[in-house]
Amino acid sequence: MVEKDLLWFLNGIDCNVKSVKFSPSGEFLAGVYESPGGSGYSVIFLFNPITGAHLKTIKTPSNGIAFFPSSKYLCSVEQSKLIIWDLITWKKFKKLNHKSNRKFVYGITSFAITPNEKYIISGAEDIHIWDFPSGNKIHTLKGFGREIGCYIISLAISPDSKFLIASPHSESGAKDKDIKIWDIKTG
Amino acid sequence: MGYSVGGIHFFPDGKKYIFHVVYDVDSITEIREFSSNKLLRTLTFTKDSDDLNTKLMTFSPDGKFIIYAGEHKKGEKFGRGVRIRKIETEELIASYYVDDMDKYLFSSLDISRDGNLIALSGWTESSPYERRCLSVWDFSKRKAEFEKEKQVIQEKMRARIKYEKEQKEFLLNEFENQSRTIEALIQESNYSKAIELLSKYRKQAKGYDLYEIMNWSDEKLKACKVQVIKKTVLNLCTKYARLQIIEIAEECGVNNQLIISTVKAMIKNQEIYAKYFESSKSVAFDQQANIEEIDNLMTAYKKWEDKEFGKK
């Protein structure tokens, strides 16, 4: 039976796909593949979104990915590191290390890139704002739940690149849906 | 723990935002005004008994549709898959199913910038079997039906699919011409140009899964590169006593492994007098023997030339 509207699909034997993202240019669909069993081996595959043809493989452990709005760079996350890949030369362009004073439990749990590509924002137990392309950290935002197991699960940036919304996730079961808003420039 | 669980998204105007909070089983989706953080609306479909366990949610870039993955009613039973609703009216527009089993776990969901393609990834917990791990749907048709911009969107999408098809056919049709051009270049010993063309051609073929062309290009590329290496090595063997493989690689721009195998073959066939050392990955040339060999060749060539031209 042909499924309606299905363009293509992939079957995997014992393999997980952790994250999928379309490039804003419509050129790629990126997927993070991981072999199961916690071996941690993972690669990023890039596909033609329409035909499903495999175009490129980036060999790097990764938990999550995001394209830059201009589709020039791809950002991937591994534990507490953000790695930015140049999609023209296919090389590492920048590496950012999200360090925290507190005990790091989950690594980076969410990240976002502003539409004007001036800032990269990474969220874990706190939020760091990085300047791009210099890679300097300009702000550290705190003030989320003090209990361990509370981390930033979602970040969104206003279309004018001025404001940041972040929502925490609490493991302890507290129904904490406090959403906080920051001015990116001033922190 | 996942990246997309509980998404926040801005509407394109930047005045409102929508977000989704997941609790154990149920979830809440709200629209709020950005400046005052006032609650504007709570979406009610997640309270519906047809939509359970909504774990992933994303929103179309134009702010018109909500796309979510979870358990949905499919006839009498529940199936796991993706549903799309219009945010304004919460009207159900499309349902795509991946699996009837309740073992399927979603990991990520995304929509393309033009809002025409939807991708979903996930895995099955009990996985001795081959299972779907990635699906891509064309949402343009159903979107168009609801947007009344039917023709425009559908045509755009059709044009894109057609373009990809045409490209594939074009590449296949061009194969004969291309291969002829490349063969001619190889005949002329214009290897650098041939490599350039082959690499370009192979890249194009890769985008459309044309394995025959890819294999053919790989074979030709290798042959060309071997010729380039031979030329470089012959050129260097009289000038230097000892060279590392990476130095040869720098000179001819080919990867190390191929250089090693080529050099080994050349030594074996006595094309050069040298010895390859595995531990230091270097080649020691018997310079004098090589120079003499070339001198011998040159004299032989001179003799032959005099004879041939003498005849004329």
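You'll find the structure just up there.
One structure accompanies this document, and this report is about it. (Residues numbered from 1 in each chain as written. Chains lettered and ligands numbered in written order. Predicted model: local features only at pLDDT ≥ 70, side-chain atom pairs only at ≥ 80, totals over all residues.)

1. Let's talk about the overall build of chain A
Then step 1. Of regular secondary structure, chain A possesses 0 helices and 16 strands.
Then step 2. Burial statistics for chain A: of 187 residues in total, 39% are counted as buried.
Then step 3. Put simply, of all contacts in chain A between residues at least 6 apart along the chain, 36% involve residues at least 24 apart. (Helix = DSSP H or I, 4+ residues; strand = E, 2+ residues; numbered from the N terminus. Buried ≥ 20, exposed ≤ 12 C-beta atoms within 10 Å, placed from the backbone. Contact = placed C-beta atoms within 7 Å.)

2. Quick notes on the sheet that holds strand β14 (residues 282–285) of chain B
Residues and elements named next belong to chain B.
Then step 1. With antiparallel pairing, the 3 strands of this open sheet are ordered in space as β12-β14-β13. The sheet terminates laterally at β12 (242–244) and β13 (274–277), the two strands that pair on one side only. When the angles between neighbouring strand axes are averaged without regard to direction, this sheet yields 20 degrees.
Then step 2. By the bridge criterion, 3 bridges tie β12 to β14 in an arrangement that is antiparallel. Residue Leu-243 lies in a different strand from β14, and its bridge partner there is Val-283. (Pairing = 2+ DSSP bridges. Axes fitted to C-alpha atoms, helices over the stretch in contact; angles between N-to-C directions.)

3. Looking at the interface of chain B and chain A
Then step 1. With 47 residues of chain B at the interface, the matching set in chain A holds 46 residues.
Then step 2. For the side of chain B that touches chain A, the secondary structure elements donating two or more residues are β1 (8–10), β2 (16–22), β9 (104–111), β10 (117–124), β11 (130–138), α1 (140–147) and α2 (150–187) of chain B.
Then step 3. In terms of residues, the side of chain B that touches chain A owes the most to one element, β11(B), which gives 9 residues.
Then step 4. Across the side of chain B that touches chain A, the residue classes break down as 22 nonpolar, 12 polar and 13 charged. (Nonpolar A, V, L, I, M, F, W, Y, C, P; charged D, E, K, R; others polar.)

4. Quick word on the sheet that holds β2(B)
Residues and elements named next belong to chain B.
Then step 1. If you trace the 4 strands from one edge of the open sheet to the other, you get β1-β2-β3-β4, paired in antiparallel fashion. A single partner strand is all that each edge strand has here, and the edge strands are β1 and β4 (39–43). If you compare each strand with its neighbour and ignore which way they point, the axes differ by 20 degrees on average.
Then step 2. Taken together, the 4 bridges between strand β3 (residues 27–33) and β4 define a ladder with antiparallel strand orientation. Counterpart to Glu-30 in the pairing with β4 is Thr-42.

5. As for the packing of helix α5 (residues 245–252) of chain B against helix α6 (residues 256–268) of chain B
Residues and elements named next belong to chain B.
Then step 1. Put simply, α5 and α6 touch, their axes get as near as 9 Å, and they point 105 degrees apart. Taken together, the axes of α5 and α6 are roughly perpendicular relative to one another. Between α5 and α6, the residues in contact are Ile-245, Ile-246, Ile-248 and Ala-249 and Asn-256, Ile-259 and Ile-260, respectively.
Then step 2. Residue composition of the contact of α5 with α6, grouped by class: 6 nonpolar, 1 polar and no charged. (Parallel < 35°, antiparallel > 145°, perpendicular 65-115°, else oblique.)

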